[in-house]
Amino acid sequence: MPRSRRWTDLAADDGSASIEFLTIGMLLTIPLVYLVLAMAQLQAATLATEGAARQAARMVATADSHGAGLAAADAAIAVALADLGLEPTAVDVACAPTPSDCTTRGGTVQVAVEVTVPLPLVPPVLDLDVGLSVPITAQAAQPVSELRP
């Protein structure tokens with residue numbers, strides 16, 4: 001029994017390239033767009049964390065007293081991270097040569113700030129935070145002026 005002409009027309013490959021292109025294009029485009037979104041969010045958080053650490057070190061190094069410097073550093077970190085809606089998970093201020101006084105002339109102030117950045121478009125599942133966020137740490141050092149009053 002000979003095949004009908006319609007069956008032959010249906011078995012041809014004419015026009016299937018556009019469907020294959022759209023299917024493969026979508027399968028490749030969606031992960032690529034997500035990767036761009038995630039990297040942009042991580043880059044913004046990295047820049048904000050570095051700016052927070054640098055500004056906090058400056059605030060401590062130029063403050064009139066150790067306590068005022070730490071308070072100014074906390075405020076500087078909060079302002080630097082506020083635009084992204086982030087909060088620091090850890091802040092470490094170290095002073096040399098006198099660890100208890102960051103206003104020692106000729107000393108050095110080192111500040112480390114750590115934040116946790118959630119990945120975009122990933123809802124919390126069963127309160128498991130494993131793999132849903134990326135920790136970012138930035139450090140900055142600032143010398144204390146020899147000529148301070």
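Reading the values: rules and limits
- Residues numbered from 1 in each chain as written.
- Predicted model: local features only at pLDDT ≥ 70, side-chain atom pairs only at ≥ 80, totals over all residues.
- Heavy atoms only, no water.
- Helix = DSSP H or I, 4+ residues; strand = E, 2+ residues; numbered from the N terminus.
- Buried < 20%, exposed > 50% of the residue type's maximum accessible area, 1.4 Å probe, protein only.
- Contact = heavy atoms within 4.5 Å.
- Areas by Shrake-Rupley, 256 points an atom, 1.4 Å probe, with all protein chains shown as cover.
- Pairing = 2+ DSSP bridges.
- Axes fitted to C-alpha atoms, helices over the stretch in contact; angles between N-to-C directions.
- Patch = residues over 30% accessible without salt bridge, like charges linked within 9 Å, V, L, I, M, F, W, Y side chains within 5 Å.
- Salt bridge = Lys/Arg side-chain N within 4 Å of Asp/Glu carboxyl O.
- Parallel < 35°, antiparallel > 145°, perpendicular 65-115°, else oblique.
- Left-handed = near helix turned anticlockwise from the far one by under 90°.
- pLDDT = per-residue confidence, 0-100.
- Expected span 1.5 Å × (residues − 1).

A tally of regular secondary structure across the chain gives three helices and three strands. In the chain, the succession of α and β elements from N to C terminus is α-α-α-β-β-β. Across the 149 residues that make up the chain, the buried fraction comes to 24%. Excluding contacts between residues fewer than 6 apart, the proportion of contacts in the chain whose partners are at least 24 apart in sequence is 63%. Accessible area of the chain: about 10,400 Å², with a carbon and sulfur share of 63%.

This part covers the sheet that holds strand E1 (residues 88-96). Taking strand neighbours across the sheet as the criterion, the three strands line up as E1-E2-E3 in an open arrangement whose pairing is antiparallel. If you trace the sheet from one side to the other, it starts and ends with E1 and strand E3 (133-143), each paired once. Within the sheet, the average angular offset between the axes of one strand and its neighbour, ignoring direction, is 10 degrees. Across the sheet, helix H2 (residues 16-62) lies against strand E2 (108-118) and E3, angled at about 30 degrees from E3, the strand it touches most. Sitting on the sheet, helix H3 (residues 66-82) is in contact with E1 and E2, with an inclination near 145 degrees to E1.

Turning our attention to a nonpolar patch on the surface. Together, Leu32, Leu35, Val36 and Met39 line one region of the surface with nonpolar side chains, adding up to about 400 Å² of accessible area. Among the structural elements, Leu35 can be located in helix H2.

Right, let's talk about the packing of H2 against H3 for a bit. Where H2 contacts H3, the two axes come as close as 8 Å, and the packing angle between them is 160 degrees. With respect to H3, the axis of H2 lies roughly antiparallel. For the element pair H2 and H3, the recorded crossing hand is right-handed. Across the interface between the two elements, Ala48, Thr49, Ala52, Gln55, Ala56, Met59 and Val60 of H2 pack against Gly69, Leu70, Ala72, Ala73, Ala76, Ile77, Ala80 and Leu81 of H3.

Take the confidence of the model for the chain next. Chain-level statistics for the chain give a pLDDT mean of 86 and a share of 84% at 70 or above. Least confident of the elements in the chain is helix H1 (residues 5-11), whose mean pLDDT is 60; most confident is E2, at 95.

Attention shifts here to H2. The end-to-end C-alpha distance of H2, which contains 47 residues, comes to 69 Å, matching closely the 69 Å that a straight helix rising 1.5 Å per residue would cover. For H2, the full list of buried residues reads Ala38, Leu42, Ala45, Ala48, Thr49, Gly51, Ala52, Ala53, Ala56, Ala57, Val60 and Ala61. For H2, the elements touching its buried residues are H3, E2 and E3.

A few words now on the pairing of E2. Across eight bridges, the pairing between E1 and E2 is antiparallel. Across the sheet, residue Val93 finds its bridge partner in E2, namely Val111.

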